[in-house]
Amino acid sequence: MTCPLSDNTEKDSGSAPVVTASETTPMMAQFLEIKRAHPDCLLFYRMGDFYEMFLDDAVAAARALDIVLTKRGKHEGEDIPMCGVPVQNHQSYLLRLIRRGFRVAICEQMEDPAEARKRGSGAKGLVKRGVVRIVTPGTLTEDTLLDARTHNYLAALTETARDAGLAWLDLSTGEVMVQPLRPGLTVAAALARLDPRELLIPERLTKKSELYDLLGDWKDRLTIQPDSRFDSDNGRRRLEALYGVGTLDAFGSFTRTEIAAAGALVGYVELTQKGKVPRLEPLRRLVPGAVLEIDAATRRNLELARTLSGERQGSLLATIDRTVTGAGARNLAAWLAAPLTDITAIAARQDMVEFCLCEEALRGEVRALLVRVPDLERALSRIALGRGGPRDLAAIRDGLPRAAEARTRLGHPALAPPPPGITAIVRDLGDPGGPLTVLADRLDRALVPEPPLLARDGGFIVRGYHDALDELITLRDESRRLIAGMQARYVEATGIATLKIKHNNFLGYHIEVSPNHGDKLMSGKAREIFIHRQTMANAVRFSTAELGELERKIAEAADRALATEQSLFNDLIGEVQGRAAAIAEAAHALARLDVVAGLAELAVEARYCRPLVEDSLAFEILGGRHPVVEAALAVAPGSPSFVANDSNLAPEQRLWLLTGPNMAGKSTFLRQNALIAILAQIGSFVPADRVRLGVVDCLFSRVGAADDLARGRSTFMVEMVETAIILNQAGPRSLVILDEIGRGTATFDGLSIAWACVEHLHDAIRCRALFATHYHELTQLAAKLPALTCRTMRIREWHNEVVFLHEVAPGAADRSYGLHVARLAGLPGPVIRRAGEVLKILEAGGPGAGVARLVDDLPLFSAAARRVEAPPPPQVSVVEQALRALNPDDFSPKQALEALYRLRALL
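Since the structure is predicted, the reported quantities are computational estimates derived from the model, not experimental observations.

### So, the overall build of the chain
Looking only at helices and strands, the chain has 31 helices and 27 strands in total. At a minimum sequence separation of 6, the contacts of the chain that also span at least 24 residues come to 69%. For the chain, the computed accessible surface area is about 43200 Å², with 53% contributed by carbon and sulfur atoms.

This is the structure in structure tokens:
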């Protein structure tokens, strides 16, 4: 979409500047000057009702947005490319540009065009413009640009030779935190937990190849800043100024790298918001070891927040999410991203969930109430940035009474004594009749039920709230009625039924008739009344002295009414900002209440139990189920119910070696144990009959396989890199899940790697682990490793078919049943038969000796192929013929015994 051009000389009404080769117009000079100050941004240059883009910006934007690229005038002898988007719905275009990696500088008109015209012609009459905001992926605040159920983190990372510091904030909610990191792989794990939309790093880190390679998954989100922005002394002063304190000691103890990262964040916000910094929460520190560490590969393999295809649907988060507010959904996602390791904090969350679970009536009332709660956090943030509108005030108005109602319901004397967590929620929701109640009452008296989006549109103050405003609105509306009456009189006087009185930004109020009637108003006595203003192809426009006088009165009344509304709006904004801390506390309390009530609802719906989380090395699950698979089976017509399984990784059997055929459920069993541990440590109930869990400090999972072609890594290389991370970082309190280690290379290479990994897990790391494999030879390690126990997936063979029971049982599988799975997958019959023949030859040959045992897979199969190059046609043996003739259902016990002797004699 492009801006309509006008031949009018009023450049600021939306027309493009005409630039000749010999000179640059004042407007284009202004554009180029502002553009030079923001070379890395697309410049949205406000011209009337459009944001225009010129030159290279226009070319790039037109291509990204798939809009028409036009041209207007010349610059340095070349046509000026131009495109534009309407101000009214520019946010949809803005979002598309941000998602394509662009940064956008919003350049607004800083004065009314009428004021510019008073200064004179040329550059003196040019409307003043300035960039009011730089929009980047990490600094979005508008609801239309954000996912209501997901945090939008802006993060900053820096490091020294000794340590690293990470800071992050959500500009849309005001949350800000820091975390100390060990240089290296812990950085990637922390970034995977946060999933920031934009990551700031100092320029010097791009020269550290090891760390820069570690950030490979985030390179499209990096914003490289000058090293000076990460100076820790400057950062400390910036933070002290932000919070209005002389020292940060009251917030905690922070390392220099943490201060440097947090200071860089605040400086970047000031830069992009042009000095406007939102209300930020007090700086908090994530203490090392406070959360369950989960690396990026494990998060991806377990599909915690997104599936392997990148979808939310089908993930663990989507399965357990019963929240009904955006803030609650964001809070739940944060809990799931960072499970706790403090058993006291975990138990406190469980107590809240259990309270909501037991108080069924209360839970239903609270959830019905929360559905009507707007997003107070994001509305408050926009107000603090000076970007709020009447609808944000309405969100505060509508949300605070819901908070008061929730407080009343939670404090009902008929309820059981609430746990400390619920008591804290009640406290944070505010005092009955306190300042928040007074504020909500004032907003309710001031605002119309459905206010407009922008304050400049007016019409958001309810009649009866302010007497002076009511008088101005009455005068304005009465004048507009007079316009309608004037039009009726002009129609009667001229006899032109199609005569209309219209309004536009350039001419103001004017009379418009068709060209056929234009001459009538420009001749005779009519010309003494009607003043010709403009002739166009399809209309002729006029004015009158009477219309001009009435327009002046209307404009004065409308302007004074709008100015009064703006003044009242600013008063209301100031009152909200004065109560911002209390509003934020209430918003956070409502979000927590939404999470625990949703988890209680989940526990009831899906039959989850409360796990016992303790400070031990226990890992005992009775009747455990995979939450996502179980939920999928529950909604699939005709699907069987999920088969529950037990697991017990007690210290004396902390390493389980799991064998069994493909499709028997090994990967599901592995994942469900990891997911149960995660759910337990976020404070949720879990899909099992009974759980006793010693806190896990690190969780590692290597399940599945995929290439990483962008980094030149094969499937096997990816497998080995992920396995190396696990073996280098896991400790005694870790939970490790490994599936099919070594399958991506030659048979004996893979078996050797898997064998060594099992020994290392058992002897060196000594952690709780589940190790699934098709290498049946590994089961021999049970005789050597005392804490290793063998488990297998049960199957049943029936009429030459394999039935997968999805049950875990003691013991080991004797074979993998790969041909049965291949048949189920639809491999052609000849291929299945040929594979069976080759398998028989290989099994009949038995293990070789010496060098033959080191032969790789390909030569091995080549030898097998030579041995079966010309197989004889299959012959039916005498024993098989006799077997086919038997009908066991007709036998008595004696006849069955006699038949068995006859078969043995034939053999």
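From this point, things continue past the structure.
### Points about the nonpolar core
One finds Leu 393, Ile 396, Val 576 and Ile 678 to be the most contacted residues of the largest nonpolar core, which totals 108 residues. Here the element with the most residues in this core is helix α22 (residues 580-606); it accounts for 15 residues. Of all hydrophobic cores here, the second largest spans 26 residues; its members include Phe 700, Leu 751, Val 758 and Cys 767.

### Looking at the pairing of strand β25 (residues 768-772)
Counting buried residues in β25 gives 5 out of 5 residues, a clear majority hidden from the surface. Going residue by residue along β25, you find Arg 768, Leu 770 and Ala 772 tucked away on one face and Ala 769 and Phe 771 tucked away on the opposite face as well. Inspection of the sheet shows strand β21 (residues 655-659) paired to β25 by 4 bridges, in the parallel sense. Residue Leu 658 lies in a different strand from β25, and its bridge partner there is Ala 772. Sheet topology places strand β24 (residues 735-739) next to β25; 5 bridges connect them, and they run parallel.

### Some thoughts on the sheet that holds strand β2 (residues 50-54)
If you trace the 6 strands from one edge of the open sheet to the other, you get β3-β4-β2-β1-β5-β6, paired in mixed fashion. Two strands lie at the open edges of the sheet, namely β3 (70-75) and β6 (129-135), each paired on one side alone. Averaged over all neighbouring strand pairs, the angle between strand axes comes to 35 degrees, with direction disregarded. Of the strand pairs in this sheet, β3 and strand β4 (residues 78-86) are connected by 4 bridges, and their pairing is antiparallel. In the strand pairing of β4, Thr 70 is matched with Met 82. Packed onto the sheet, helix α2 (residues 55-65) meets β1 (42-47), β2 and β4 and runs at close to 50 degrees relative to β4. Sitting on the sheet, helix α3 (residues 90-99) touches β1, β2, β4, β5 (104-109) and β6, and the angle it makes with β4 is about 115 degrees.

### Observations regarding the packing of aromatic side chains
For the coordinates displayed, the defined rule picks out 8 aromatic pairs. Ring centres of Tyr 243 and Phe 251 lie 4.9 Å apart, and the angle between their planes is 45 degrees; on these two criteria the pair is classed as tilted. For Tyr 243, a relative accessible area of 17% gives the class buried. Exposure remark for Phe 251: the relative accessible area of 24% places this residue in the partly exposed category. Taken together, a centroid distance of 6.3 Å and an interplanar angle of 15 degrees make the contact between Trp 656 and Phe 669 stacked. With Trp 656 in strand β21 and Phe 669 in helix α24 (residues 666-681), this residue pair connects regions lying 13 residues apart in the sequence. Of the two residues, Trp 656 and Phe 669, both sit in the buried class. Through successive ring pairs, a cluster of aromatic residues spans Phe 31, Tyr 45 and Phe 54. Note that Arg 46 overlies the ring of Tyr 51, its terminal NZ or CZ placed 5.8 Å from the centroid. In this arrangement the basic side chain of Arg 489 is found over the ring face of Tyr 490, its NZ or CZ atom lying 6.0 Å from the centre.

### Remarks on the pattern of salt bridges
Following the criterion strictly, the structure yields 52 salt bridges and no others. Asp 321 is paired through a salt bridge with Arg 312; the nearest N and O atoms lie 2.8 Å apart. With its nearest N and O atoms 2.9 Å apart, the salt bridge here joins Arg 322 to Glu 605. Here the residue Arg 322 occupies a position in the loop between α10 (316-320) and α11 (326-337), and Glu 605 occupies one in helix α22, the gap between them amounting to 283 residues.

### Concerning the side chain of Thr 659
Along the chain, Thr 659 turns up in strand β21. The class of Thr 659 is buried, set by a relative accessible area of 0%. Not counting the four nearest positions on each side in its chain, Thr 659 is found in contact with Lys 666, Thr 773, His 776, Thr 779, Arg 791, Thr 792, Met 793, Gly 811, Ala 812 and Ala 813.

### Quick word on α3
Within the span of α3, buried status applies to His 90, Tyr 93, Leu 94, Leu 95, Leu 97 and Ile 98. Along its buried surface, α3 packs onto β1, β2, α2, β4, β5 and β6.

### With respect to the packing of helix α15 (residues 390-410) against helix α17 (residues 435-446)
In the contact formed by α15 and α17, the axes pass within 9 Å of each other and the chain directions differ by 130 degrees. Here α15 lies oblique to α17, going by the angle between them. Crossing geometry of α15 relative to α17 is assigned as left-handed. Contacts between α15 and α17 involve Leu 393, Ile 396, Arg 397, Leu 400 and Pro 401 from the former and Leu 436, Leu 439, Ala 440, Leu 443 and Asp 444 from the latter. Of the residues belonging to the contact of α15 with α17, the class tally is 8 nonpolar, no polar and 2 charged.

### What to know about the side chain of Glu 108
With respect to the helices, strands and loops of the structure, Glu 108 is situated in strand β5. In this structure the side chain of Glu 108 is engaged in a polar contact, spanning 2.8 Å, whose partner is the side chain of Arg 46. One polar contact links Glu 108 to Tyr 51, side chain to side chain, over a distance of 2.3 Å. Ignoring sequence-local partners within four residues, the contact set of Glu 108 consists of Arg 46, Tyr 51, Lys 128, Arg 129, Gly 130 and Val 132.

### Overview of the sheet that holds strand β18 (residues 612-614)
The strand order across the open sheet formed by 4 strands is β18-β22-β19-β20, and the pairing between neighbours is mixed. Looking at the sheet topology across the chains shown, the edges are occupied by β18 and β20 (645-648). Each adjacent strand pair in this sheet contributes to an overall mean axis angle of 15 degrees, direction not counted. In the sheet, strand β19 (residues 619-624) pairs with strand β22 (residues 690-694) via 4 bridges, with the strands oriented antiparallel. Looking at β22, one finds that Leu 622 is bridged to Arg 690. Its contacts with the sheet put α24 on β18, β19, β20 and β22, and the angle it makes with β19 is roughly 110 degrees.

### A word on the pairing of strand β14 (residues 500-504)
Sheet topology places β14 next to strand β15 (residues 508-513); 5 bridges connect them, and they run antiparallel. Bridging across to β15, Ile 501 finds its partner in Ile 511. Hairpin connection of β14 to β15: 3 residues between the antiparallel strands.

### Some points on the packing of helix α7 (residues 232-243) against helix α8 (residues 256-272)
Running from N to C, α7 and α8 cross one another at 60 degrees; their axes reach a closest spacing of 7 Å. One finds that α7 runs oblique with respect to α8. At the point where α7 passes α8, the crossing takes the left-handed sense. Of the residues in α8, those touching α7 at Ser 232, Asp 233, Gly 235, Arg 236, Arg 238, Leu 239 and Leu 242 are Arg 256, Ile 259, Ala 260, Ala 262, Gly 263, Ala 264, Val 266, Gly 267 and Glu 270. For the contact of α7 with α8, the per-class residue count stands at 7 nonpolar, 4 polar and 5 charged.

Thresholds, definitions, all that
Residues numbered from 1 in each chain as written. Predicted model: local features only at pLDDT ≥ 70, side-chain atom pairs only at ≥ 80, totals over all residues. Heavy atoms only, no water. Helix = DSSP H or I, 4+ residues; strand = E, 2+ residues; numbered from the N terminus. Contact = heavy atoms within 4.5 Å. Areas by Shrake-Rupley, 256 points an atom, 1.4 Å probe, with all protein chains shown as cover. Core = buried A, V, L, I, M, F, W, Y, C linked by side-chain atoms within 4.5 Å. Buried < 20%, exposed > 50% of the residue type's maximum accessible area, 1.4 Å probe, protein only. Pairing = 2+ DSSP bridges. Axes fitted to C-alpha atoms, helices over the stretch in contact; angles between N-to-C directions. Phe/Tyr/Trp six-rings, centres within 6.5 Å; stacked < 30°, edge-to-face > 60°. Lys NZ or Arg CZ within 6 Å of the ring centre and 35° of its normal. Salt bridge = Lys/Arg side-chain N within 4 Å of Asp/Glu carboxyl O. Parallel < 35°, antiparallel > 145°, perpendicular 65-115°, else oblique. Left-handed = near helix turned anticlockwise from the far one by under 90°. Nonpolar A, V, L, I, M, F, W, Y, C, P; charged D, E, K, R; others polar. Polar contact = N/O pair within 3.5 Å; in protein donor to acceptor, adjacent residues only side chain to side chain.

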